[in-house]
Amino acid sequence: MSLQDKVMTEMKTAMKAKDSKALEALRAVKSELLLAKTNAASKDGLSEEEEVKLLQKLVKQRKDSAAIYKEQGRADLAEPELAQAAIIEKFLPEQLSEEEITEVVSGIISKIGAEGMKDMGKVMGMTSKELAGRADGKTISTIVKAKLS
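Since the structure is predicted, the reported quantities are computational estimates derived from the model, not experimental observations. (Residues numbered from 1 in each chain as written. Predicted model: local features only at pLDDT ≥ 70, side-chain atom pairs only at ≥ 80, totals over all residues. Heavy atoms only, no water.)

### Some words on the overall build of the chain
Line of reasoning, step 1. On a plain count of helices and strands, the chain comes out with seven helices and zero strands.
Line of reasoning, step 2. Ordered by position from the N terminus, the helices and strands of the chain form the series α-α-α-α-α-α-α.
Line of reasoning, step 3. Put simply, the chain has 149 residues, and 35% of those count as buried.
Line of reasoning, step 4. For the chain, restricting intrachain contacts to residue pairs at least 6 apart in sequence, the fraction spanning at least 24 positions comes to 58%.
Line of reasoning, step 5. Each charge class in the chain can be summarised by its mean position, and for the 25 positive and 25 negative side chains these summaries are 4 Å apart. (Helix = DSSP H or I, 4+ residues; strand = E, 2+ residues; numbered from the N terminus. Buried < 20%, exposed > 50% of the residue type's maximum accessible area, 1.4 Å probe, protein only. Contact = heavy atoms within 4.5 Å. Lys, Arg positive; Asp, Glu negative; His and termini not counted. Charge placed at Lys NZ, Arg CZ, Asp CG, Glu CD.)

If you want it as structure tokens, here you go:
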């Protein structure tokens, strides 16, 4: 089942349950998928990797917005953003724990012989490729910096 089909199924369920927060999040996903599909560069449709990147972008937007709202003392606005992020995350592959990410990063560092911050770009590139969709870029970056320092 494609991502769009899954989203449509969830939308039907949310409509029947009258869940407006879920419906709003799912409509945002559907909208982004349609925009990406109509993009001239993706005539064959979206690959699974592109779908995951799109979903990660949507989750990141919601979490960033929630963080800004919390800084401004607007918990009433932050809550719906976090709820939408949680709904969108259901469509992402299962995320790895920090320990699992650390193991992968350690393996890549030893594999390429990285010896400091000058090799961070190489390590980040390989790690991001290997963990695509299963780990947040910010988390990967933090772990790589800690390992190379």
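### Considering the environment of Ile88
Line of reasoning, step 1. With respect to the helices and strands, the residue Ile88 is situated in helix H4 (residues 75-89).
Line of reasoning, step 2. As a C-alpha pair, Ile88 and Ala22 span 66 residues in sequence and 8.7 Å in three-dimensional space.
Line of reasoning, step 3. Filtering out sequence-adjacent residues up to four positions away, Ile88 remains in contact with Ala25, Val29, Leu55, Leu58, Val59 and Arg62.

### Digging into helix H7 (residues 137-148)
Line of reasoning, step 1. Here H7 contains 12 residues, and its C-alpha end-to-end distance of 16 Å stays within 8% of the 16 Å for a straight helix at 1.5 Å per residue.
Line of reasoning, step 2. Within H7, the full set of buried residues consists of Ile140, Ser141, Ile143, Val144 and Leu148.
Line of reasoning, step 3. Elements in contact with the buried residues of H7: helix H5 (98-112) and helix H6 (120-130). (Expected span 1.5 Å × (residues − 1).)

### A word on the pattern of salt bridges
Line of reasoning, step 1. The final tally for this structure, using the stated rule, is seven salt bridges.
Line of reasoning, step 2. In this structure, Glu89 engages Lys63 in a salt bridge whose closest nitrogen and oxygen atoms are separated by 2.8 Å. Placement of Glu89 in helix H4 and of Lys63 in helix H3 (residues 48-71) is noted, with a sequence separation of 26 residues between them.
Line of reasoning, step 3. Residue Glu89 is classed as partly exposed on the basis of its relative accessible area, which comes to 33%.
Line of reasoning, step 4. When salt bridges with common partners are traced through the structure, they connect Lys118, Asp119 and Lys122 into a single cluster. (Salt bridge = Lys/Arg side-chain N within 4 Å of Asp/Glu carboxyl O.)

### Regarding the nonpolar core
Line of reasoning, step 1. Ranked by size, the top nonpolar core spans 22 residues in total, and within it Val7, Leu26, Val29, Leu33, Leu55 and Ile88 carry the most contacts.
Line of reasoning, step 2. Put simply, the parts of the chain that give this core at least two residues each are helix H1 (3-17), helix H2 (20-38), H3 and H4.
Line of reasoning, step 3. Among the elements that make up this core, the one with the highest residue count is H2 (seven residues).
Line of reasoning, step 4. If near-sequence neighbours (up to four positions away) are discounted, Leu55 is found in contact with Leu3, Val29, Ile88, Phe91 and Leu92. (Core = buried A, V, L, I, M, F, W, Y, C linked by side-chain atoms within 4.5 Å.)

### Brief notes about a negative patch on the surface
Line of reasoning, step 1. On the surface, a cluster of negative charge is contributed by Glu94, Glu98, Glu99, Glu100 and Glu103.
Line of reasoning, step 2. Residue position: Glu99 is located in helix H5. (Patch = residues over 30% accessible without salt bridge, like charges linked within 9 Å, V, L, I, M, F, W, Y side chains within 5 Å. Areas by Shrake-Rupley, 256 points an atom, 1.4 Å probe, with all protein chains shown as cover.)

### Details of H2
Line of reasoning, step 1. Between its first and last C-alpha, H2 extends 27 Å over 19 residues, near the 27 Å set by a 1.5 Å rise per residue.
Line of reasoning, step 2. Among all positions of H2, only Ala22, Leu23, Ala25, Leu26, Ala28, Val29, Glu32, Leu33 and Ala36 are buried.
Line of reasoning, step 3. Its buried side turned inward, H2 meets H1, H3 and H4.

### Looking at unusual backbone geometry
Most peptide bonds take the trans configuration, and most residues that are not glycine carry a negative phi.
Line of reasoning, step 1. With a phi close to 55°, Lys18 is a non-glycine residue in the positive phi region.
Line of reasoning, step 2. Its place among the elements puts Lys18 in the loop between H1 and H2.

### Observations regarding the packing of H3 against H4
Line of reasoning, step 1. Running from N to C, H3 and H4 point in directions that differ by 160°, and their axes come no closer than 8 Å. Classed by the angle they form, the pair H3 and H4 counts as roughly antiparallel. Crossing handedness for the pair H3 and H4: left-handed. Across the interface between the two elements, Leu55, Leu58, Val59, Arg62, Lys63, Ser65, Ala66, Tyr69 and Lys70 of H3 pack against Leu77, Ala78, Glu81, Leu82, Gln84, Ala85, Ile88 and Glu89 of H4.
Line of reasoning, step 2. By residue class, the composition of the contact of H3 with H4 is 10 nonpolar, two polar and five charged. (Axes fitted to C-alpha atoms, helices over the stretch in contact; angles between N-to-C directions. Parallel < 35°, antiparallel > 145°, perpendicular 65-115°, else oblique. Left-handed = near helix turned anticlockwise from the far one by under 90°. Nonpolar A, V, L, I, M, F, W, Y, C, P; charged D, E, K, R; others polar.)

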